[in-house]
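The primary structure of each chain is shown beneath.
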Amino acid sequence: MCTRFVYRGDTVITGFNFDIDLAVWNHRIVKESDCFYIGILRPDGMRHAYHGVNRNGNAGTLLYVHGNPEGMYRDGEDCVTIAALTEKFIRAEISFDEALDIVQSKRIVYAPDVTMQAMLSDRRGRTLAVEPGIGFREDAGRYSLITNYSLLAPESTRPFLVPGDDRYERAARMLDGYGDCFTVSDACSILRAVRQEGDWATRVSFVYAPDEQAVYYTENCRFENMEKYVFHSFEGGQMV
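Residues numbered from 1 in each chain as written. Predicted model: local features only at pLDDT ≥ 70, side-chain atom pairs only at ≥ 80, totals over all residues. Heavy atoms only, no water.

Looking at an unreviewed UniProt entry, one finds the protein named Conjugal transfer protein and attributed to Candidatus Enterocloster excrementipullorum.

A.B. asks: Can you tell me about the pairing of strand E1 (residues 2-8), naming the residues and giving the values?
C.D. replies: For E1, the tally of buried residues reaches 7 of 7 residues, placing the bulk of the element in the interior. Of the two faces of E1, the one lined by Cys-2, Arg-4, Val-6 and Arg-8 and the one lined by Thr-3, Phe-5 and Tyr-7 are each fully buried. Relative to strand E2 (residues 12-19), E1 is paired through 7 bridges, and the arrangement is antiparallel. Among the inter-strand pairings, Cys-2 is bridged to a residue of E2, identified as Phe-18. Between the antiparallel neighbours E1 and E2 lie 3 residues. (Buried < 20%, exposed > 50% of the residue type's maximum accessible area, 1.4 Å probe, protein only. Helix = DSSP H or I, 4+ residues; strand = E, 2+ residues; numbered from the N terminus. Pairing = 2+ DSSP bridges.)

A.B. asks: Describe the sheet that holds strand E15 (residues 227-230), listing the residues and the values that go with them.
C.D. replies: Taken in spatial order, the 6 strands of this open sheet run E12-E1-E2-E13-E14-E15, and their pairing is antiparallel. Across the chains shown, the open sheet's two edge strands, defined by having one partner strand only, are strand E12 (143-146) and E15. For this sheet, the mean angle separating the axes of adjacent strands, direction not counted, is 15 degrees. Against the sheet, helix H4 (residues 167-176) makes contact with E1, E2 and E12, and its axis sits at roughly 165 degrees relative to E12, the strand it touches most. Those strands touched by helix H5 (residues 184-193) are E1, E2, strand E13 (202-209) and strand E14 (214-219), and its axis lies near 155 degrees from that of E13. (Axes fitted to C-alpha atoms, helices over the stretch in contact; angles between N-to-C directions. Contact = heavy atoms within 4.5 Å.)

Laid out in structure tokens, this is it:
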């Protein structure tokens with residue numbers, strides 16, 4: 001259960017709530033010079049960057065979704081898993097245009113053991129929603145928003161709606177109320193409003209402000225104690 005949005009006002013700001021069952025997933029915040037991400041421990045013993053941002057402005061997140069047969073994992077040169085696509089984007093191994101080319105030319109499938117959909121965005125606010133087996137959408141407009149249900153074929157996940165889960169509707173109403181001015185504080189307010197409790201509680205929340213080259217983040221909904229991570233910048237080929 002997660003919530004992700006990109007707001008395109010005077011500046012581009014993205015927000016993400018990472019909702020996870022600790023009995024199922026092992027996670028840790030990882031801060032590198034080029035990348036901030038929530039590292040998910042996988043069977044290969046590595047912490048993968050499936051939810052995070054790169055110093056170049058790439059921001060990617062995976063959100064659980066009930067799977068459909070057309071998106072099921074399969075091997076082959078014409079197939080790319082949604083997990084691999086997202087991690088390559090977060091690590092800046094591919095650009096937004098390259099990600100767009102991949103979803104246009106390859107079959108995007110789920111990982112072998114989990115069904116996920118993705119939202120990818122760059123520092124300019126260009127945003128791509130990718131749903132394996134269904135398709136993709138390059139977004140425009142004031143904002144983009146996604147939770148754990150299909151945007152492109154909502155009828156496919158409607159039977160799996162959790163009673164009382166109106167995160168998308170509540171976030172959309174809040175986002176609709178803003179104009180050109182949208183701040184980090186506004187983004188935090190939305191994430192706080194749609195935070196989750198229980199087994200699938202919100203474990204990490206982050207807001208990324210590309211113009212500041214900064215990530216504001218907190219764990220376990222301690223929004224009154226947001227921490228700030230600023231990426232190093234490069235001048236003349238040297239890190240400063």
